[in-house]
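Each chain is listed here by its residues.
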Amino acid sequence: MALHESVLNDQTARLQELVRTPSFVVVAGSLPGLAVATSLENGVAIGAVSAVCIFAMALLARPLRHITGKFARIPVLLLVSVTVATLAGFALRVIDPLLFENMGIYLSVAAVNALAMAFVVDDGYAAKPAGSMLGTGLFGAVCTLATLAFVGLINGMFSTGAIFGLTMTELAASPIAIFGTPAGSLLVLALVATFINSIVDAARKSAAANGGEQ
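Small disclaimer: the values here were computed from a predicted structure and weren't measured.

Focus on the overall build of the protein
When helices and strands are tallied, the protein shows nine helices and two strands. Across the protein, helices and strands are ordered from the amino to the carboxyl terminus as α-α-α-α-α-α-α-β-β-α-α. Of the contacts made within the protein by residues no fewer than 6 positions apart, 70% connect residues no fewer than 24 positions apart. Accessible surface for the protein amounts to roughly 11900 Å². Of this, 70% is attributable to carbon and sulfur atoms.

Below you can see the structure in the form of structure tokens.
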């Protein structure tokens, strides 16, 4: 029995170590919007909707905890998250109806990453760049918008050869097939996560070196 509890505690610690990282915050926020981030415009649109949902749920996660029971918590959070995503989708429809049509069902899927962020914030995790739980929500929202915009930019550039209104003739003549697809988006997201991990690792080594000098 003691061994079983030890294994469970070890698994829980490992899971918390994975979840409580800036790269997980970015990946959790960006993942549901990857399939539709096939151009810069689409990436910015789904990124903006996701960012609004993430920050709204970061604001509401703790207050909702006090008014919901243990078993009603997840359904209530999901209901609120979907409501926020729907309202953000209506706003996008008013701003750009064509872009709204391009997003399709993925606007509603933004509620999923917002729900994931609500659990991250509610768990008490405060990312070091943010310093607080609410700051972590804002950090996740901004990084999600930037990441999905970047994914859309890379997908659009390599699948069409066009970037910021300019066309690269050779790339347009022989586009790279994987980009503009969910697989290409996942590849770009993996590169972003690797970049974030390298920054975090460099910051950790710098802090350790400064501590050693003192």
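Topic: helix 2 (residues 22–30)
With seven of nine residues buried, helix 2 lies mostly within the body of the structure. All of the buried residues along helix 2 are Pro22, Ser23, Val25, Val26, Ala28, Gly29 and Ser30.

Structural notes on helix 3 (residues 40–67)
Spanning 28 residues, helix 3 covers 40 Å between terminal C-alpha atoms, matching the ideal 40 Å at 1.5 Å per step. Bending of helix 3 peaks at approximately 40 degrees at the position of Ala61, with proline Pro63 no more than four residues after it.

Let's talk about the nonpolar core
In this structure, Ile46, Val49, Cys53, Leu92, Met103 and Leu107 are the most contacted members of the largest nonpolar core, which totals 42 residues. The greatest single-element share of this core, amounting to 10 residues, is contributed by helix 3. Ignoring sequence-local partners within four residues, the contact set of Leu107 consists of Ile46, Val49, Ala85, Gly89, Leu92 and Phe100.

Looking at the side chain of Ser30
Residue position: Ser30 is located in helix 2. With relative accessibility at 0%, the residue Ser30 sits in the buried group. Not counting the four nearest positions on each side in its chain, Ser30 is found in contact with Thr144, Thr147, Leu148 and Leu189.

A closer look at the side chain of Ser185
You can see Ser185 is positioned in helix 9 (residues 182–213). Within the structure, the side chain of Ser185 is placed 2.8 Å from the side chain of Asn155, a separation counted as a polar contact. Discounting chain neighbours no more than four positions away, the residues touching Ser185 are Leu34, Ala37, Val151 and Asn155.

Here we look at the environment of Ala110
Within the secondary structure layout, Ala110 lies in helix 6 (residues 106–122). Assessed through its relative accessible area of 1%, Ala110 is described here as buried. Sequence separation between Ala110 and Ile46 is 64 residues; the distance between their C-alpha atoms is 7.8 Å. Residues in contact with Ala110, not counting those within four places in the same chain, are Val49, Ser50 and Cys53.

Focus: the confidence of the model for the protein
Here the protein shows a mean pLDDT of 76. Residues at 70 or above account for 75%. Mean pLDDT across the elements of the protein bottoms out in helix 1 (residues 2–19) (61) and peaks in helix 4 (residues 73–95) (85).

Concerning the packing of helix 3 against helix 4
For the pair helix 3 and helix 4, interaxial distance at closest approach is 9 Å and the crossing angle is 145 degrees. At the point where helix 3 passes helix 4, the crossing takes the right-handed sense. Mapping the contact onto sequence places Ala45, Val49, Val52, Cys53, Ala56, Met57, Leu60, Ala61, Leu64 and Arg65 in helix 3 and Arg73, Val76, Leu77, Val80, Ser81, Val84, Ala85, Ala88 and Leu92 in helix 4. Here the contact of helix 3 with helix 4 is composed, by residue class, of 16 nonpolar, one polar and two charged.

Observations concerning the environment of Ala146
Within the fold, Ala146 resides in helix 7 (residues 133–160). In this structure the C-alpha to C-alpha distance between Ala146 and Ala51, which are 95 residues apart in sequence, comes to 9.5 Å.

Considering the environment of Pro22
Counting through the fold element by element, Pro22 comes out in helix 2. Residue class for Pro22 comes out buried when judged on its relative accessible area of 12%. Each C-alpha atom of the pair Pro22 and Thr136 lies 8.8 Å from the other, and the pair is 114 residues apart in sequence.

The rules behind the values
- Residues numbered from 1 in each chain as written.
- Predicted model: local features only at pLDDT ≥ 70, side-chain atom pairs only at ≥ 80, totals over all residues.
- Heavy atoms only, no water.
- Helix = DSSP H or I, 4+ residues; strand = E, 2+ residues; numbered from the N terminus.
- Contact = heavy atoms within 4.5 Å.
- Areas by Shrake-Rupley, 256 points an atom, 1.4 Å probe, with all protein chains shown as cover.
- Buried < 20%, exposed > 50% of the residue type's maximum accessible area, 1.4 Å probe, protein only.
- Expected span 1.5 Å × (residues − 1).
- Bend = angle between axes of the 7 residues up to and from the residue.
- Core = buried A, V, L, I, M, F, W, Y, C linked by side-chain atoms within 4.5 Å.
- Polar contact = N/O pair within 3.5 Å; in protein donor to acceptor, adjacent residues only side chain to side chain.
- pLDDT = per-residue confidence, 0-100.
- Axes fitted to C-alpha atoms, helices over the stretch in contact; angles between N-to-C directions.
- Left-handed = near helix turned anticlockwise from the far one by under 90°.
- Nonpolar A, V, L, I, M, F, W, Y, C, P; charged D, E, K, R; others polar.

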